[in-house]
Structures are given as C-alpha cells and as structure tokens.
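# Observations on the three-dimensional arrangement
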Amino acid sequence: MTRTVFCKKYQQELEGLAKPPYPGAKGQEIYETVSKKAWEEWQAHQTMLINEKQLSMMDPSSRKFLQAEMEKFFAGEDFEQAEGYVPPSE
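Residues take numbers from 1 onward in each chain, read along the sequence in its written order. Note on the predicted model: pLDDT of at least 70 is required for a residue's local features to be given, and 80 or more for side-chain atom pairs to be given and counted; whole-chain, interface and lining totals, by contrast, use all residues. As a convention, hydrogens and water are excluded, and side-chain values are obtained from all of the structure's heavy atoms.

## Some remarks on helix 3 (residues 60-75)
The periodicity of an α-helix, 3.6 residues per turn, causes residues three or four positions apart to be oriented the same way. Put simply, the rule reads: Runs of E in the DSSP output that reach at least two residues are strands. Runs of H or I that reach at least four are helices, and both are numbered from the N terminus. Under the convention used throughout, the expected extent of a helix is 1.5 Å for every residue step, that is, one less than its residue count. Type-normalised accessible area, obtained with a 1.4 Å probe on protein chains alone, sets the label of each residue: buried when under 20%, exposed when over 50%, and partly exposed for intermediate values. Here, the arc refers to the directions that run from the helix axis to the C-beta atoms. Contacts between residues were defined by any pair of non-hydrogen atoms, one from each residue, lying within 4.5 Å.
In this model, helix 3 (16 residues) spans 23 Å end to end at C-alpha, consistent with the 22 Å of a helix rising 1.5 Å per residue. Those residues of helix 3 that fall on the buried side of the exposure criterion are Ser62, Leu66, Glu69, Met70, Phe73 and Phe74. Take helix 3 and look down its axis: the buried residues cluster within an arc of 130°, on one side only. Of the residues in helix 3, the exposed ones pointing more than 90 degrees away from the buried face are Pro60 and Lys64. Against helix 1 (24-33) and helix 2 (36-52) lie the buried residues of helix 3.

Structural data, given as structure tokens:
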C-alpha cells in the first residue's frame with residue numbers, strides 16, 4: 001500500500017515520498033508534509049533555477065537561495081522563475 005500525506009502545496013491527500021529527501025529535521029518535515037508529485041515538480045524547478053541562474057552548489061548563498069525558494073514553492077507563494085520562463089498552459 002502506498003503511503004499518503006496531506007500535501008502542503010496541493011492541500012490534499014496525495015502519495016508521499018518513500019523516504020526523507022534530506023537528513024535531519026528538514027528532511028523529516030518534507031517527508032511528512034510534501035507529496036511525491038510536489039517533490040518531483042520542485043526537483044525539476046530547482047534544476048531549471050540552477051542551470052538558468054548558473055548557481056553553484058558549492059556556494060553557501062546559492063544553497064540558501066534554493067532553500068528559500070523551496071519554502072515558497074511548497075507554501076504556494078510566489079517563487080523565482082527563470083528569465084523568460086512561461087509556464088505551460090493547462
């Protein structure tokens with residue numbers, strides 16, 4: 001049986017992650033409150049931000065920026081988009 005969580009991004013019960021994506025308290029929080037669907041969307045968006053903004057994961061300010069954007073993404077707030085990005089129409 002698949003594990004479900006009440007996803008804070010989509011505000012509904014959805015399939016959860018198989019394991020915490022990070023060690024520690026933050027990973028556990030994501031595991032308990034973020035759906036697999038929302039996490040996969042964040043991973044794709046994070047990759048786009050890293051590539052388009054040429055972020056270095058060795059730079060603490062880049063990691064801090066991504067952490068802040070992840071919080072906004074899951075909270076449903078306005079989050080950073082890549083320059084010229086147009087979301088797909090549904």
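## Comments concerning the packing of helix 2 against helix 3
For clarity, the threshold we go by: In this analysis, axes come from line fits to C-alpha atoms, helices being fitted only over the stretch in contact, and the angle between any two N-to-C directions falls in the range 0 to 180 degrees. The scheme is simple: roughly parallel for angles under 35 degrees, roughly antiparallel for over 145, roughly perpendicular for 65 to 115, oblique for anything else. Crossing handedness follows the turn of the near helix against the far one: under a right angle anticlockwise gives a left-handed crossing, and clockwise gives a right-handed one. Amino acids are sorted into nonpolar (Ala, Val, Leu, Ile, Met, Phe, Trp, Tyr, Cys and Pro), charged (Asp, Glu, Lys and Arg) and polar (every other residue, Gly among them).
At their nearest, the axes of helix 2 and helix 3 sit 11 Å apart, and the two run at 140° to each other. As far as their axial angle goes, helix 3 and helix 2 are oblique. Of the two possible hands of crossing, helix 2 and helix 3 adopt the one that is right-handed. Here helix 2 contributes Ala38, Trp39, Glu41, Trp42, His45, Gln46, Leu49 and Ile50 to the contact with helix 3, which in turn contributes Phe65, Leu66, Glu69, Met70, Phe73 and Phe74. When its residues are assigned to classes, the contact of helix 2 with helix 3 shows 10 nonpolar, two polar and two charged.

## Comments concerning the pairing of strand 1 (residues 4-7)
Consecutive side chains of a regular strand alternate in pointing toward one face of the sheet and then the other. The condition that has to hold: The criterion for strand pairing is that DSSP finds at least two bridges linking the strands in question.
The pairing of strand 1 with strand 2 (residues 12-15) spans four bridges and is antiparallel. What sits directly across from Thr4, in strand 2, is Glu15. Hairpin connection, strand 1 to strand 2: the antiparallel pair is bridged by four residues, and Gln11 has positive phi, about 55°.

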